[in-house]
Every structure is written in structure tokens, then in C-alpha cells.
Amino acid sequence: MKNGRDDLDRIREALQDARGEVRFGEPMSRHTSMRVGGPADALFVPDDLEDLSRIMAAAGKAGVGVFFLGGSNLIVKDGGIRGVVIKLSRLQKVERQADTLNAEAGISFPRLSQAAYEQGLSGLEFACGIPGTLGGAIAMNAGTRDGEIADVLHSVTIMDRLGNAVEHPRSQLTFEYRKSRLPEGVIVRAIMQLKPDPPERIRRRMDEAITYRRRTQPLQLPNAGCIFKNPPGHSAGRLIDEMGLKGTRSGNAQVSEKHANFIVNRGSATAAEVLHLIQDIRRRVKEGRGVDMELEVTVVGEDA
Ligand code: EPU
């Protein structure tokens, strides 16, 4: 459903004191790694936490919806997103405190991994090839076979709809495979507990992770990471591959020839094409192997 004039007026009002960047009608295809997605009513890139807090409170007061965009394990539909999409790409500060790293949620996962390496701190090697932000990674408990973010978290700071930030210790948060249950609000900061290790050993583990990824995953083409979670006792990639679906297309969306649990954008694919392909894959695996595959990617927004 399209927004009426009143909704847009409320959005403008909520954003009037923004210091950071504001863009109206911004195509989300410019901000998602899959390169699909229609326009957001407004995109806001806060300058700092104070800027974010003020606009969160103003949006709450005006009754305007906010959506936080990590952008990598995400499919935004072709009709885009109503309300304000907030991107934390200017919140990237990272600081060492003893053997922890205290980082703002907008830092990219590979950059954070690199910062840990430079400090001679081990525990984030697995993150070096995972696209996306720290906040997005915590929200979905991103990881690889070598580890996941929940393993190294000490605390997560979450800002609520009134703009108040509260630090939550790891012991009060629940994480599962590619899933978290967190208090309502947006992740703005996290502290990771790491272990000192010689940098050359850290580097070796990072290089191995990157080499494996390059060998097995279609990193040259726009994609949204793994589409499905691995069902218990199965590999989603292998199941899809065994059904002979590699290379299958729906318009410009294609099941990767390299790794069957990836969909790649071969040109100007639409979200509808990607979602159609996802439905098809799911049905074929269910019919052929009797396995229900759960989505790993998040799907948001409205149909065109
Ligand atoms: N396989 C196939 N055909 C394929 C793809 C894979 O037969 O097209 C087989 C492989 O040969 C292997 C098995 O399936 O025996 C598992 O494949 P892989 O080692 O590539 O790992 P994965 O389980 O598919 C997981 C994570 C990845 C992560 C890699 C490496 C999930 C859903 N995926 O993939 O994470 O990068 O391990 O650690 O848990 C992501 O979450 O977005 C993601 C890409």
C-alpha cells in the first residue's frame, strides 16, 4: 500500500532535526547486496549515536515506523519499505579495552575482523569474509563453520523507541543457529571478548576462511549470502544441488552454479524473481527429499 500525504508529512516532521544524511524515495536496490528492492519512503544515515537517538524519539512520537538496514542477508521487495529506513554506516568506531573490542554496530564485519587481527586479538577470524554489519550479524547470529558472533559477545547495547540505549550482558540474551532473541530496539554497539594470539596465526586462519569462501561461493555476483538455513542433519546447498537445480533461473535471478544455496543476480533481477525462485527451490526439495527448508535471509517490504 502506498503512503498518503499525511504519512509522508509525518516522516518529514520526524526527520526535520536530522544532522546526518536524509534521502526520500531512495531505491533499496542501492543498499542491498542482492541489488534488489524498491524505494524506502525515506533513508536516514545518522552522523552519530546522539543523532540516531534524537530521530528515534521523534519517529516514535510521530508514530513513524523505522527499519534498520544491514543489507546483506536481506531481500527487500519491489514495492519498497514504508516509513524510515535507517542505515548505521557512519557508526563505525572501534576501541580496544583490555582484551575486548568495543565497536559501534555499523562497522562492517570484515573491518571488525581486521581490527581484531591488528590488535593481536583472536576470536573474530571467522568474520573476515562475511559481508554486512556487526549489528546485522548480531541480529541473525551470523557465522561460519568456524564460529558465530554469539561465541565472542560480552554485551550488546540496544536503543529503544524512545532513543534510550541500554547495555545487556550476553548472559541475558538468547542465541541459536542463525537466530537471536533480543530486547526490542536497535543494536547500536557491542563488546566482544577476545583472546590474545600471535598476529601471524590469526592471519593464517583468516586467509583459510577467505580461500574456502572464494573456492566454494559465488562472490563475484550480487547475492544475499546463503538463502536457507541448513536443516538439522542436512546441508541446504547439497539438497538443492542433488535436485539438479543449479543454474535454474527466474528472469535474472539464478541458482548459483557454484553453490546451490546462493541465488545470484545476473543483471537487473527483481525481488519478485528472487522470491519466485526461492518458492520453487523449496517446493522441489520438499517434494524430492521431504525436507522443509527454513529461510535464512529476511524478506521485508511490500510487493510492487
Ligand atoms: N554442497 C554441495 N553442493 C553445493 C553446495 C554445497 O554438494 O552446491 C556440499 C559441499 O560439498 C559440502 C556441504 O554441502 O559437503 C556443505 O557446504 P559448505 O561447506 O559450502 O557449507 P554450507 O553448510 O553450505 C555454511 C554456512 C555458510 C558458511 C559456510 C562456510 C549455512 C546456511 N551456511 O555453508 O554461511 O559461509 O558454511 O563456513 O549455515 C551464510 O550463512 O550466509 C553463509 C554463506
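Everything below is about the structure shown above.
Quick summary incoming for the structure in this document. (Residues numbered from 1 in each chain as written. Predicted model: local features only at pLDDT ≥ 70, side-chain atom pairs only at ≥ 80, totals over all residues. Heavy atoms only, no water.)

### Considerations on the packing of aromatic side chains
Here the distance between the centres and the angle between the planes together describe a pair of aromatic rings. Counted according to the given criterion, the structure contains 1 aromatic pair. With centroids separated by 5.8 Å and ring planes inclined at 80°, the aromatic side chains of Phe109 and Phe126 adopt a geometry described as edge-to-face. Within this pair, whereas Phe109 is found in helix α3 (residues 109-118), its partner Phe126 is found in the loop between β8 (121-122) and α4 (134-139), the two being separated by 17 residues in sequence. Like Phe126, Phe109 is buried. Directly above the ring of Phe24 sits Arg12, whose terminal nitrogen or CZ lies 4.2 Å from the centroid. The lysine or arginine in question, Arg203, covers the ring of Tyr117, its NZ or CZ lying 4.9 Å from the ring centre. (Phe/Tyr/Trp six-rings, centres within 6.5 Å; stacked < 30°, edge-to-face > 60°. Helix = DSSP H or I, 4+ residues; strand = E, 2+ residues; numbered from the N terminus. Buried < 20%, exposed > 50% of the residue type's maximum accessible area, 1.4 Å probe, protein only. Lys NZ or Arg CZ within 6 Å of the ring centre and 35° of its normal.)

### Section: the nonpolar core
Within the largest apolar cluster, 47 residues are counted, with the highest numbers of intra-cluster contacts made by Phe109, Leu112, Leu124, Leu134, Ile138, Ile149 and Met192. When residues no more than four places from it in sequence are discounted, the contact partners of Leu134 are Ala103, Glu104, Ala105, Ile107, Phe109, Leu112, Ile149, Ala190 and Met192. Core analysis: the next-biggest nonpolar cluster, separate from the first, contains 25 residues, Ile75, Ile227, Val255 and Ile263 among them. (Core = buried A, V, L, I, M, F, W, Y, C linked by side-chain atoms within 4.5 Å. Contact = heavy atoms within 4.5 Å.)

### What about the side chain of Glu26?
Along the chain, Glu26 falls in strand β1 (residues 21-27). On the accessibility criterion, Glu26 (4% relative accessible area) is buried. There is a polar contact of 3.3 Å between the side chain of Glu26 and the side chain of Arg30. A distance of 2.8 Å separates polar atoms of two side chains, one belonging to Glu26 and the other to His31. Sequence-distant contacts of Glu26, that is, excluding residues within four places in its chain, are made with His31, Gly38, Pro39, Ala40 and Leu43. (Polar contact = N/O pair within 3.5 Å; in protein donor to acceptor, adjacent residues only side chain to side chain.)

### Some remarks on the sheet that holds strand β7 (residues 100-104)
Here 5 strands make up an open sheet; going across it, the order is β6-β7-β15-β11-β12 and the pairing antiparallel. The sheet is open, and its two borders are formed by β6 (94-97) and β12 (165-169), each paired with just one other strand. Taking each pair of neighbouring strands and ignoring which way they run, the sheet shows an average axis angle of 20°. Pairing between strand β11 (residues 153-159) and strand β15 (residues 186-193): 6 bridges, direction antiparallel. Note on β15: the bridge partner recorded for Thr157 is Arg189. (Pairing = 2+ DSSP bridges. Axes fitted to C-alpha atoms, helices over the stretch in contact; angles between N-to-C directions.)

### Brief notes about the pairing of β11
With 6 of its 7 residues buried, β11 lies for the most part within the structure. Relative to β12, β11 runs antiparallel, the two being bridged by 5 bridges. Bridge assignment links Met159 to a residue of β12, and that residue is Ala165.

### So, the packing of α3 against helix α5 (residues 199-216)
Viewed as axis vectors pointing N to C, α3 and α5 meet at an angle of 155°, and their least axial separation amounts to 9 Å. Classified by the interaxial angle, the pair formed by α3 and α5 is roughly antiparallel. For the pair α3 and α5, contact is made by Ser113, Gln114 and Tyr117 and by Pro199, Ile202, Arg203 and Met206, respectively. Here the residues of the contact of α3 with α5 are counted per class, giving 4 nonpolar, 2 polar and 1 charged. (Parallel < 35°, antiparallel > 145°, perpendicular 65-115°, else oblique. Nonpolar A, V, L, I, M, F, W, Y, C, P; charged D, E, K, R; others polar.)

### A closer look at the pattern of salt bridges
Side chains that differ in charge, positive against negative, can pair when their charged atoms come close. On inspection of all chains with the given rule, the structure shows 28 salt bridges. For Glu21, the salt bridge goes to Arg90, with nearest N and O atoms at 3.2 Å. Of this pair, Glu21 sits in strand β1 while Arg90 sits in the loop between β5 (81-86) and β6; the two residues are 69 residues apart in sequence, bridging distant segments of the chain. Look at Glu21 and you get partly exposed, because its relative accessible area is 26%. (Salt bridge = Lys/Arg side-chain N within 4 Å of Asp/Glu carboxyl O.)

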